[in-house]
Amino acid sequence: MLRQLEGSRAVAETVARCRPHVVAAYPISPQTHIVEALSDLVAAGQLAPCQYLLVESEFGALSACIGASAAGARAYTATSSQGLLFMAEALPNASGLGLPMVMTVANRALGAPINIWNDHSDAMSQRDAGWLILFASSNQEAVDLHVQAFALAERLSLPVMVCMDGFVLTHAVEEIDVPDQAQVDAYLPAFRPRQQLDPDDPVTIGAMVGPEAFTEVKYLMAQRQLRALDVVTEVADTFATAFGRDSGGLLRPYRTEDADVVVVAQGSVLGSLADVVDDLRETGVAAGALGVTCYRPWPWDAVRRALLGIPRVIVVNRAVAVGSGSILGQDVRLSAPAGTTVSDVVLGLGGRPVTRDGLRRLVLDVLAGRLDGEALTYYDVDRERVAVELARELGDAAPTSGARP
Amino acid sequence: MNLDVRIHGRGGQGVVTAAELLSMAAFDQGLHAQALPTFGSERTGAPVMASCRISDRPIRSHDPISRPDVVVVQDSTLLRDPAVLGGLADAGTVVVNTSRTLADLVASGVVVGPAQRWVTIPASDLARRLLGRPLPNTALVGAVAAITGLVGPESVGSAIRRRFATLDPKVADANVSLAEQARELVTAGDRGSESVA
Amino acid sequence: MTTTPLKLYQVGTFAAGNRLLGPGERTVQSSMDRASCITSGHRACRGCGEALAARVVMDAAMRATGGRVVTVNATGCLEVFSTPYPESAWQVPWLHSLFGNAAAVASGVAAAMRATGRDDVRVLAQAGDGGTVDIGLGCLSGMFERNDDVLFVCYDNQGYMNTGVQRSGATPAGASTATTRPVGDGVGNAFGTGKNLPRIAMAHDIPYVATATVADLHDLEAKVAIAMARRGARYLHVLVPCPLGWGSQPADTVRVARLATQSGLFPVFEAENGMLTHATPIRRRVPVEEYLRLQTRFQHLFVGPGRPDVVAALQAQADRDIARFGLAPEEES
């Protein structure tokens, strides 16, 4: 039913309807409204027999989910930024043991310096932990991805991270169609664990694997993640059939057919990009946007196919691989067909707003050749301010262009 | 049709709730609306800003409002900050919560653009009388709804009742009355730059 | 006919044995149908106190619960020597957590059992002292304060043994470890440091806290049974000598553990809801020196002029604890 409510609240209600058995919760901005709403639902008896654990840290939260999942229960938690890092040791533990669970990451910048606002550095820092990583482009998609996430996690026996932009989506109040209980029950089957802790059928989970077998175990894990590409598409298709909405999947193209330039991005920026693409098209610029919904596993083939025949690609990065360059940009470069010009830009770190005006100017700047096609451009940095600081630190050796990382 | 409203106030004055209420009222009216807060860390008294965009088409973007059609100032001391009115359309509307008149404000240095429409309304005073607390947000929501003509009083009322559903019904009632009073004051006032007392 | 009551003591390797006890008083270990939760073939050192304790504890838990137990095991010696893929020594459902989160993982398992209607399945967490008092403390304290339905068993060999005998928050003062070598005037591990987990557990007011050692099989099994008869957060702290880390003879493991209790250095007691309920009196008191001399980790206290001051300080510590817990011997030998 379409209602006007806060994104966090919508996610909480949706998670509740997925009938989790165990929810572990530790607060951190900007995820707090999700776990608060869930605690209200539990207290009101709407989630029975779900056990809600008020854990002592994010490490405790994910650990509790690991235990719950290993015991055959549907488990959920949510975090952001520093909280995600605090559970870092447990992330590959969950994926390595093949334990299904769902975790919301309300994307927030990583400190230091401490910053509570939105960018993608948190999820990106854990991109290799073996989890499926999905990025919601809107609150509606965030809601839908949570339902799909439980289905994916349990089909693949892998943990799934659903990313939604902190504050920007979590705290926005807008119209969202929250699936009702009957719809979710019809779509999401009961959890049938691949293995579980059961006195009637004892298993040892988490043995020590030495050099003689470790490579094989890792290889098989990697293969399983790659198989997830097909399952992600399948789950999105069945979701569309059941709920009548196009949500999830690997990619979200917008007016990319016959485009001269395509902007690739993840998360809520895609909403702004849709408006910008429409505006530009009206002025005769053949622009398009490509959203990457499924970041892990990385959809190589789908990205390559989507960019075939597109001469210019701009990648909007909301996280940086310090000392290396871009993250999303490098993935896109490696996947793009030969001959594609890729402009890699950083935008919106630490909650700096990514505006439609800014995006429009970016596309026009790229088309006019005002950006260096090879380097990573910090598009919204205050060049004068950093030049002053660099001059102070480096004296005459300070670079003036500011175009290199 | 697009209406971008930016609400400025201080922590504790219900700025975020005001934006939410406006968006919920617009939704009840059959429009599309999105309320977006901006946060610093939690502390009362600190400047807070929230925005509400209303449209007859689905809203896809979540970027902050840079060119508001309406700016609501819940705390008139914030008028000293030029960012509060930043980006306001030439013919934009400013609604100020104050018991002073517009002439007083101008005399104290506030600059009113020639095509702008300013409305002053003693929302905190009204609230103090009706709620027992100087919480101006619902009054200002009622005023904005009336001034813009986009959202009717029934929608404002239903949004307030839904938002405050978990509280004592008397609280919702009082807030609905407050919004109604503000609406009446506004509609009774003259067009153009004005004070409503 | 006159009857004379005879006190039977456990001496050395149980010479008096279970043969003279009625069936109801015999240990689980003496029974042919003990669960053997951790079976043979594991890679523990000769004389490993932890392997012995784990077997005793888990089998007692299985007896107490009718076989309805699952266990969560922190990283450490026990986990490493019992699950060398593709083999496992465990015959119960077993989950390796991480190093510092056995308590949190166990809490999750317990919540899952509750949520899925399998409340009869009990959860037992196992960890070494490192995974309990240091890196595990945050999660453990959370489990305690939530009163989650988990029995947490700490096998305390007083150091990070699996990684090469480094000092932990449970290492006693005066002990030499790889990171507290008695160089120059050094005493080894410093006095005035360390944590007493049983008392920290008591401070959380949880339903049951107990200490035990591998020297008293009956006592250890009985405490597991008591713990499993209750619900909520429970803590059992078991002293387990490590021949490698302590520098004691593999054959002396039980003897060393007994001397720890009889010297007063390791008080044996129980507490409920934060209050001491029972302390096991010392049967035949010994000076700490008798205990210390059996372990090369304390040999620097006796070599050459030695460190009689350190020995005296340890003796004073033992005296204090004997007084604090009321462990005064019931008889002199």
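Everything in this summary refers to the structure shown in the same document. (Residues numbered from 1 in each chain as written. Chains lettered and ligands numbered in written order. Predicted model: local features only at pLDDT ≥ 70, side-chain atom pairs only at ≥ 80, totals over all residues. Heavy atoms only, no water.)

### A short note on helix H2 (residues 32-43) of chain A
Residue and element names in this part refer to chain A. Let me state the cut-off plainly: Per the convention used, a helix needs a DSSP run of H or I reaching at least four residues, while a strand needs a run of E reaching at least two, with both numbered from the N terminus. What a helix is expected to span follows from its residue count: subtract one and scale by 1.5 Å. Per-residue accessibility, obtained with a 1.4 Å probe over protein chains only, is compared with the maximum for each type, and a residue is labelled buried under 20%, exposed over 50%, and partly exposed between these values. Residue contacts are defined here by distance: any two heavy atoms, one from each residue, within 4.5 Å place the two residues in contact.
For H2, which comprises 12 residues, the first-to-last C-alpha distance of 16 Å matches the rise-based estimate of 16 Å (1.5 Å per residue) to within 8%. Inspection of H2 places Thr-32, Ile-34, Val-35, Ala-37, Leu-38 and Leu-41 among the buried residues, and these make up the whole buried set. Buried residues belonging to H2 abut helix H1 (7-17), strand E2 (22-25), strand E3 (51-54), strand E4 (75-79), strand E5 (101-107) and strand E7 (159-165).

### Structural notes on the nonpolar core
Short version of the rule: Among buried residues, the Ala, Val, Leu, Ile, Met, Phe, Trp, Tyr and Cys ones that are joined through side-chain atoms within 4.5 Å form a nonpolar core. Boundaries of every domain are those given by an automatic assignment or by a domain database.
Judged by nonpolar contacts, the single largest core of 150 residues is most densely connected at Leu38(A), Tyr76(A), Met161(A), Val109(C) and Tyr235(C). Both domain 1 (2-243) and domain 2 (257-385) of chain A contribute no fewer than three residues apiece to this core. When residues no more than four places from it in sequence are discounted, the contact partners of Met161(A) are Leu84(A), Leu91(A), Met103(A), Val105(A), Ala123(A), Trp131(A), Leu132(A), Ile133(A) and Leu134(A). By size, the runner-up hydrophobic cluster in this structure holds 45 residues, among which are Ala26(B), Ile54(B), Val70(B) and Ala179(B).

### Structural notes on the state of the cysteines
All names here are of chain C. Short version of the rule: Here, the term disulfide refers to a pair of cysteine sulfur atoms separated by no more than 2.5 Å.
Under the definition given, this model contains zero disulfides over all chains. Cys-45 takes part in no disulfide bond, and the closest cysteine sulfur, belonging to Cys-242, lies 6.3 Å away. Given the relative accessible area of 47%, Cys-45 is considered partly exposed.

### Observations regarding the pairing of strand E6 (residues 132-135) of chain A
Residues and elements named next belong to chain A. Put simply, the test is: A clockwise path from the first strand over the helix to the second, with the strands pointing away from the viewer, defines a right-handed crossover. When DSSP locates at least two bridges between a pair of strands, those strands are taken to pair.
Residues Leu-132 and Leu-134 of E6 are buried on one face, and the alternating residues Ile-133 and Phe-135, pointing to the opposite face, are buried as well. After leaving E6, the chain enters helix H7 (residues 139-156) and then returns to the sheet as E7, a path that is right-handed. In this structure, E6 lies alongside strand E13 (residues 294-296), joined through two bridges in antiparallel fashion. Within the sheet, the bridge partner assigned to Ile-133 lies in E13 and is Arg-296.

### Thoughts on the sheet that holds strand E18 (residues 376-378) of chain A
Residues and elements named next belong to chain A. In plain terms, the rule: Every angle, taken between N-to-C directions, lies between 0 and 180 degrees, and every axis is a line fitted to C-alpha atoms, over only the stretch in contact when it is a helix.
With mixed pairing, six strands are arranged side by side in an open sheet as E10-E12-E11-E14-E17-E18. Two strands in the sheet have a free side with no partner beyond their single neighbour: strand E10 (251-254) and E18. With strand direction ignored, the average angle separating the axes of adjacent strands in the sheet is 20°. Here four bridges tie E10 to strand E12 (residues 287-292), and the two strands are oriented antiparallel to one another. The residue of E12 that forms the bridge with Pro-253 is Leu-290. With respect to the sheet, helix H10 (residues 269-282) is in contact with E10, strand E11 (261-265) and E12, its orientation differing from that of E12 by roughly 165°. Packed onto the sheet, helix H12 (residues 328-335) meets E11, E12, strand E14 (312-317) and strand E17 (341-346) and runs at close to 155° relative to E14.

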